[in-house]
Structure formats: C-alpha cells, structure tokens
Amino acid sequence: MSINLRTVYAFAREMYPKNSKETIQYGTAGFRGKAEFLDSVMFRMGVLATLRSRYREGAVIGVMITASHNPEPDNGVKLIDPKGEMLESSWEKIATDLVNVSDQELEQHVGQIIKDNNIDVTSSSYVYVGMDNRYHSPRLLKAVADGVIALKGNVREFGIVTTPMMHFFVVAANTKEAYGKPTEESYYEKLISSFEKLRNGRVENGNYRNSLIYDGANGVGARKMLQFIKRMNNSLAVTVINQGIGTGKINEDCGADHVKVKQRVPVNMPDVEPFTRCVSVDGDADRVVYFYTDDEGQFHLLDGDRIATLVADYLMEQIKRCDLNLRIGLVQTAYANGASTDYIVNELKVPVSCVPTGVKHLHHKALEYDVGVYFEANGHGTIVFSDSAKSLIAEAAKTNEDAKSLLLIIDLINETVGDAISDMLLVETILNHKGWDVKDWSAAYNDLPNLQLKISVQDRNVIKTTDAERVCVEPQGLQEEINKVVANYKRGRSFVRPSGTEDVVRVYAEAATKEDVQQLAYEVGRLVQRLAGGVGPELVNPSNAHL
Ligand code: G16
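All residue numbers refer to positions counted from 1 along the written sequence of the respective chain. In keeping with the model being predicted, local features are shown solely for residues with a pLDDT of at least 70 and side-chain atom pairs are shown and tallied solely at 80 or more, while totals for entire chains, interfaces and linings include all residues. Excluding hydrogens and water, the side-chain values take into account all heavy atoms of the structure.

### So, the site of the ligand
Piece 1. Here a residue counts as near a molecule or strand whenever at least one of its heavy atoms sits within 4 Å of it. In the neighbourhood of the ligand, 20 residues make up the surrounding shell, with Thr28, His69, Glu376, Ser499 and Thr501 lying closest.
Piece 2. Counted as a polar contact is a pair of N or O atoms within 3.5 Å, where, for protein atoms, one must be capable of donating a hydrogen and the other of accepting one, and residues adjacent in sequence contribute only when both atoms are in side chains. Contacts to the ligand include arginine 32, whose side-chain N or O atom sits 2.8 Å from an oxygen atom.
Piece 3. Here an oxygen atom of the ligand sits 2.7 Å away from a polar atom, N or O, in the main chain of glycine 500.
Piece 4. Reported accessibility uses the Shrake-Rupley method at a 1.4 Å probe radius. Residues are deemed covered only where the shown protein chains occlude them. Here the ligand loses 98% of its free accessible area of 470 Å² to cover by the protein chains.
Piece 5. Amino acids are sorted into nonpolar (Ala, Val, Leu, Ile, Met, Phe, Trp, Tyr, Cys and Pro), charged (Asp, Glu, Lys and Arg) and polar (every other residue, Gly among them). Residues that form the shell around the ligand fall into these classes: 2 nonpolar, 10 polar and 8 charged.

### Re the side chain of serine 280
Piece 1. Put simply, DSSP marks the helices as runs of H or I at least four residues long and the strands as runs of E at least two long, and each gets a number from the N terminus on. Within the secondary structure layout, serine 280 lies in strand β8 (residues 278-281).
Piece 2. Of the polar contacts made by the side chain of serine 280, one reaches the side chain of aspartate 215; its length is 2.5 Å.
Piece 3. In this analysis, two residues are considered to be in contact whenever any of their non-hydrogen atoms come within 4.5 Å of each other. Not counting residues up to four positions away in its chain, the partners in contact with serine 280 are Asp215, Gly255, Ala256, Val259, Pro266, Arg287, Val288, Val289 and Phe291.

### Description of the sheet that holds strand β5 (residues 154-160)
Piece 1. Ordered by their spatial adjacency, 5 strands build an open sheet running β1-β3-β2-β4-β5, and the pairing between neighbours is mixed. Sheet topology places β1 (31-34) and β5 at the edges, where each strand pairs with a single neighbour. If you compare each strand with its neighbour and ignore which way they point, the axes differ by 15 degrees on average.
Piece 2. By this definition, two strands are paired if DSSP reports at least two bridges between them. Across 4 bridges, the pairing between β1 and strand β3 (residues 74-80) is antiparallel. In the strand pairing of β3, arginine 32 is matched with glycine 76.
Piece 3. Sheet contacts for helix α6 (residues 163-174): β2 (60-65), β3, β4 (126-131) and β5; angle to β2, the most-contacted strand, approximately 170 degrees. Comment: axis = line fitted to C-alpha atoms, over the contacting stretch for helices; angle = value between 0 and 180 degrees taken between N-to-C directions.

### Notes on the UniProt feature "domain: Alpha-D-phosphohexomutase C-terminal" (unreviewed entry) in the chain
Piece 1. On the UniProt side, "domain: Alpha-D-phosphohexomutase C-terminal" (unreviewed entry) is annotated at positions that read residues 482-524 here.
Piece 2. Taken end to end, residues 482-524 comprises 37% helix and 28% strand; its first and last C-alpha atoms sit 6 Å apart. UniProt positions are given in the numbering used here, feature names are shortened, and annotations may be inferred rather than shown by experiment.

### Considering the pattern of salt bridges
Piece 1. The working definition used for a salt bridge is a side-chain nitrogen of Lys or Arg within 4 Å of a carboxyl oxygen of Asp or Glu. All told, the structure shown has 38 salt bridges when counted by the stated rule.
Piece 2. One salt bridge connects glutamate 185 with arginine 231, and the closest N-O pair in it is separated by 2.8 Å. Of the two residues, glutamate 185 is situated in helix α7 (residues 184-199) and arginine 231 in helix α8 (residues 220-231); the sequence distance between them amounts to 46 residues.
Piece 3. The shortest N-O distance in the salt bridge between arginine 460 and aspartate 503 comes to 3.2 Å. In this pair, arginine 460 sits in the loop between β15 (450-455) and β16 (464-466) while aspartate 503 sits in the loop between β18 (493-498) and β19 (505-510), placing the two residues 43 residues apart along the sequence.
Piece 4. Given the relative accessible area of 54%, aspartate 503 is considered exposed.
Piece 5. Salt bridges sharing common partners tie together Asp313, Glu317, Arg321, Asp402 and Lys434. When accessible area is computed with a 1.4 Å probe and restricted to protein chains, residues below 20% of their type maximum are described as buried, those above 50% as exposed, and intermediate ones as partly exposed.

Put into structure tokens, the structure is as follows:
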C-alpha cells in the first residue's frame with residue numbers, strides 16, 4: 001500500500017480548511033469548542049488516530065465526538081488508546097501541534113510525525129468512531145472518517161453511542177473479545193447479566209426500593225437507558241426524563257453538571273414522593289450523580305464523593321469477607337468535599353490521594369493500588385482492579401460466594417473509564433445489598449456547604465496552579481489574597497483553576513455554613529476578576545443581593 005501525503009493536504013484544502021487563527025488547546029479531555037470551528041480539528045484527529053493505530057501496531061484507536069457536559073452549540077473530540085484509556089500524554093502534544101499548523105504546512109508536518117515516531121505507513125490501522133446526539137455530530141464524524149481515509153486506514157462507524165460504550169468497543173476489539181464483542185448488544189448483555197446475577201432475583205431489600213427517576217440530560221444516555229430498560233427483566237424500574245425528544249436541548253437545565261453545580265433538580269422532574277432516588281447523567285453519559293428532595297422540599301445531592309465512599313466501603317467489606325490481602329486506595333481531586341475526605345481518612349481508613357482534574361490523572365493514580373477507586377466530585381469515576389487482584393479474586397471465587405460477587409462486580413463496571421450507566425447499576429447493587437434508601441446512604445457524613453462559580457476572563461491561561469490545583473502560582477499575589485480571605489471562614493477552603501473544557505476560570509469554595517460559602521465564593525471570584533483580567537459584569541455581593 002502506498003500513501004501519498006498530498007491527499008491529506010488536498011482533503012484539508014478542499015473540504016476541511018482551518019478556519020480559526022486562535023491557538024487550539026488540548027483540554028481536560030481532548031479538544032472542545034464551538035462546533036463551527038471544529039471541522040479541521042476533526043479531520044486532523046482522523047489523521048492522528050490512524051497514525052496512532054499504526055504506531056501501536058494496528059491496535060484499534062477510538063474517536064468519540066462529543067462535548068459531553070457542554071451546551072448544545074459546542075462539540076469536541078475524545079481520543080481512546082488501545083487499552084481504553086485516554087490518549088497517552090506524550091501524544092497530546094503531537095495532537096495539539098497537528099491541529100494548529102496551517103493547511104499549507106500540513107503535508108510536511110504529517111511527514112515529520114511519521115518520521116519522528118518511526119511509523120510504518122504501509123501497515124494496517126483501525127479507527128473506531130462514535131458520536132453523541134448533537135445535530136452537528138454527524139458532520140464532524142464524517143470529517144474524522146475522511147481523515148482516516150486520507151491515510152488509507154480502516155474506519156468503523158458506530159453512530160450514536162455513549163463515550164463509555166466507545167471505550168468498551170475499543171477494549172473489546174483489542175483484547176480479541178476476551179472483554180466482550182465490540183457491539184452495542186454485547187455491551188448491554190455484559191452489564192445487564194452481571195447486574196441481574198448480583199440481584200439474584202431479590203429486587204427489593206430492607207429500605208431499598210427498585211424504582212428510580214433517571215435524568216438523561218437530553219443526551220445519548222437517555223436513548224441508551226431506554227435500550228437497557230427494554231432488555232432488563234424488570235430488575236430495576238427506571239423512569240427516564242429529559243429524553244432528548246422535542247425541544248429539550250442537551251444539558252440545558254438538566255444533566256449531571258447542572259444538578260451538581262446548581263444544586264437543584266433538573267427541569268421536567270415529575271411529582272414524586274419525598275426521598276425518591278433520582279439520578280442524573282451528563283450529555284455523553286460518562287458521569288453520574290444522585291439526588292433527592294426531603295419532606296420539606298429541600299434538595300440533597302449524592303455526588304461522586306458519595307459514590308466513591310459507598311463503593312470503597314462495600315469493596316472493603318467484600319474483600320475482608322473473602323479474606324483477601326488486597327490494597328485498596330481512593331483517588332479524588334481538589335473538588336472533593338472536605339467532609340468526604342475526613343470520612344475516608346478517619347472512618348473508612350483507606351489511603352486517599354489528590355490529583356489534578358481530569359479522568360486521565362485519576363485513572364493513572366488508581367492503577368497504583370490492587371483495587372483503585374476513583375471519582376471526581378462531579379460524578380466521573382470507576383474502579384480499577386490490578387491483574388493480580390483479578391487472579392486472586394477468581395481463585396477465591398471457586399469456593400467463596402462473596403468472591404463470586406466480586407467477580408460479577410468486575411464485569412458490571414466499565415474499568416476503562418467512568419460510565420454513568422454502569423456506575424448507576426453498581427450503586428443500585430450496593431444499596432440493594434445493604435437494604436438502604438437515600439436517607440441511609442446520606443447518613444454516613446454531612447457535606448460541607450460548597451459552591452462553584454465560573455468567571456470569564458480575557459485569557460484563562462494566565463491562571464497557573466500547582467499541588468493538584470490547590471495552589472495558584474500565577475498571577476502573582478492571587479494565592480496570598482485567597483489565603484487571607486479563606487482565613488476568615490470556619491472550615492473555609494477555596495481554589496481557582498482554568499477550566500480545560502470551557503473558556504472560564506472555575507472557583508470552588510466550601511465553608512461551615514451556606515451563607516459563608518456564598519460570601520467566600522463571591523470574594524474569591526472578585527479576586528479573580530480583579531487580578532486575572534475579568535471580563536463581563538462584576539459579581540454581585542450576596543450580602544447586598546437583597547438590597
Ligand atoms: C471532562 C473531564 C473530567 C473533568 C470535566 C471538567 O468531563 O473528563 O475529568 O472533571 O471535564 O473539566 P474542567 O473543569 O477542566 O472543565 P466531561 O464529562 O465534560 O467530558
């Protein structure tokens with residue numbers, strides 16, 4: 001097979017010209033931005049995925065077109081490496097350079113990547129592509145496919161799927177089906193059969209009821225949940241809201257990010273009994289949070305921290321019962337509620353680490369344990385089991401029922417990435433096992449009141465952080481000012497960081513009371529506006545809001 005790199009340039013010039021002069025950054029989870037500027041990025045990511053597949057000796061590489069939790073006009077791309085992890089960090093730089101060169105430089109630049117990485121361009125390559133249900137996703141999917149075709153690679157299109165499904169397909173293909181088949185049906189089958197075996201016909205137990213409300217964020221997670229419902233034998237009664245039919249826009253007033261950040265129920269919530277278990281996923285179904293309202297109508301959130309503690313507690317109990325010597329560890333980010341970290345350290349007594357935002361960071365840290373549980377507070381997370389842990393559990397399962405359950409848990413979770421639906425089925429399994437309702441689950445600890453703000457600035461990159469994003473090192477003096485403000489609040493904590501998915505600076509604050517946290521977030525937000533080039537209206541002081 002001969003490859004003519006001129007074809008890459010020809011495609012780019014004729015069909016996918018670069019129409020943005022701004023530097024495009026590789027963010028927290030790939031490239032993301034307004035869809036109208038992404039055609040050239042997508043085409044080039046098709047080229048990159050093909051090169052990466054050849055570099056990895058023909059292993060399947062995945063490309064998911066989605067802007068996940070972002071609003072409808074945005075889109076983006078997530079790249080999936082052969083074992084289902086995010087693109088290796090050294091290739092993030094290659095990807096960034098590739099999307100930023102001019103069309104005229106493209107041919108020569110691709111040639112250089114091939115040379116630098118010693119890639120055999122005549123070898124086979126396989127790229128899997130999937131997309132969320134945004135109206136511009138099919139156009140962008142075609143651009144990725146054309147990037148693959150320009151280099152004579154093999155492309156397989158999966159249509160509308162969740163991000164975790166794409167990770168599943170990639171791993172299934174690369175493990176020659178030991179993990180499952182790279183098909184939707186195989187994905188449903190694997191999750192549902194392990195879930196139902198774990199239930200073992202016991203759909204209700206103690207305070208646990210088997211019904212819940214599921215907010216699909218008007219995204220692909222809604223459609224796929226409807227498919228799950230069709231295939232489940234009434235083991236779980238799920239009512240799906242925000243299904244993406246009619247006028248509802250993806251993530252608008254609904255979904256995991258809305259529920260977590262705004263701390264309120266999604267739009268279109270039916271009238272339900274107090275303490276009804278409700279769940280929200282995001283636009284591409286890779287994060288999940290739970291919530292409920294109490295008998296006074298008060299909203300309560302059970303976020304990624306809660307899921308992590310529930311899961312870690314359950315795994316410790318099971319591992320102990322099986323008498324296995326496995327090191328379990330938990331990974332969080334700076335967004336983890338201080339009360340959850342205290343609970344993990346003082347009650348669960350599990351080692352806990354803090355890493356920068358982004359699944360890739362959490363995933364890598366979690367691999368250091370025999371059993372690594374990682375969750376971001378926003379609901380993004382999973383469990384990873386080391387190969388030796390899996391062998392020990394499999395051995396024990398020959399004689400021990402609890403170890404058999406652990407084996408089923410390994411099948412139930414999507415180890416490669418946070419998977420909202422698989423995580424939800426895991427939570428349902430644990431709550432059922434414990435006979436818990438949401439009140440029981442909430443009782444472990446009380447979250448410190450917390451708040452997040454988005455601040456628009458001229459250039460979010462002026463903010464630089466260190467120590468897992470807990471300390472701001474630039475602009476100079478900002479951290480000292482934050483420290484002075486935080487010192488005035490009981491149990492106060494606050495940090496600022498540039499978002500890697502939206503053009504904003506994020507401010508996180510927590511404190512002992514709701515009033516305090518509002519004031520603390522406001523004061524830190526104002527510091528960012530003053531010292532980091534804020535644009536747009538000045539924040540309103542909450543203590544003056546009533547005036
Ligand atoms: C992505 C990442 C997450 C991260 C989130 C927010 O989620 O996969 O790890 O927490 O972005 O990142 P940032 O605060 O940098 O904007 P998703 O669900 O949007 O793909």
